[in-house]
Amino acid sequence: QVQLVESGGGLVQAGASLRLSCAASGRTFSSYAMGWFRQAPGKEREFVAGISWSGGSTYYADSVKGRFTISRDNAKNMVYLQMNSLKPEDTAVYYCAADYKYYPVKSAHEYDYWGQGTQVTVSS
């Protein structure tokens, strides 16, 4: 069992940065690939970024590549999403998720555990 709690969302202007954090409980956190997803009003939940068990492999959606960075600290049971050069189209509720695999996948249906989400709003 893994419980996930996101934090760090907020209201910022375009071009600003935010760092999202996801705190995980459970002794087997390092056995899970982790992903960040987002869902805007009226849209499906979409993959943003993923990171493998060890943190050695990372994956990004094309829309955020070069602007967002995912990282993890297994000693602290934490996953982070550094978001730079934010755009209004990044506005969404952001969720972290855990998948009992080595490599993260892009399909939300594959993930076993989800946080409650944190709102990110980017004004133009």
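Criteria and cut-off values
- Residues numbered from 1 in each chain as written.
- Predicted model: local features only at pLDDT ≥ 70, side-chain atom pairs only at ≥ 80, totals over all residues.
- Heavy atoms only, no water.
- Helix = DSSP H or I, 4+ residues; strand = E, 2+ residues; numbered from the N terminus.
- Rg over C-alpha atoms; globule rule 2.2 N^0.38 Å.
- Buried < 20%, exposed > 50% of the residue type's maximum accessible area, 1.4 Å probe, protein only.
- Contact = heavy atoms within 4.5 Å.
- Areas by Shrake-Rupley, 256 points an atom, 1.4 Å probe, with all protein chains shown as cover.
- Lys, Arg positive; Asp, Glu negative; His and termini not counted.
- Charge placed at Lys NZ, Arg CZ, Asp CG, Glu CD.

**What to know about the overall build of the protein chain**
At step 1: For the protein chain, the count of helices and strands is zero helices and eleven strands.
At step 2: When the elements of the protein chain are put in sequence order from the N terminus, they spell out β-β-β-β-β-β-β-β-β-β-β.
At step 3: In terms of C-alpha radius of gyration, the protein chain reaches 13 Å, essentially the compact-globule figure of 14 Å for 124 residues.
At step 4: Overall, the C-alpha framework of the protein chain stretches about 40 × 25 × 25 Å when taken along its three principal axes.
At step 5: Of all 124 residues assigned to the protein chain, the portion counted as buried reaches 44%.
At step 6: In the protein chain, the proportion of contacts linking residues at least 24 apart, taken out of those at least 6 apart, comes to 59%.
At step 7: Of the roughly 6,300 Å² of accessible surface on the protein chain, 48% is carried by carbon and sulfur atoms.
At step 8: Between the mean site of the 12 positive side-chain charges and the mean site of the 10 negative ones, the protein chain shows a separation of 5 Å.

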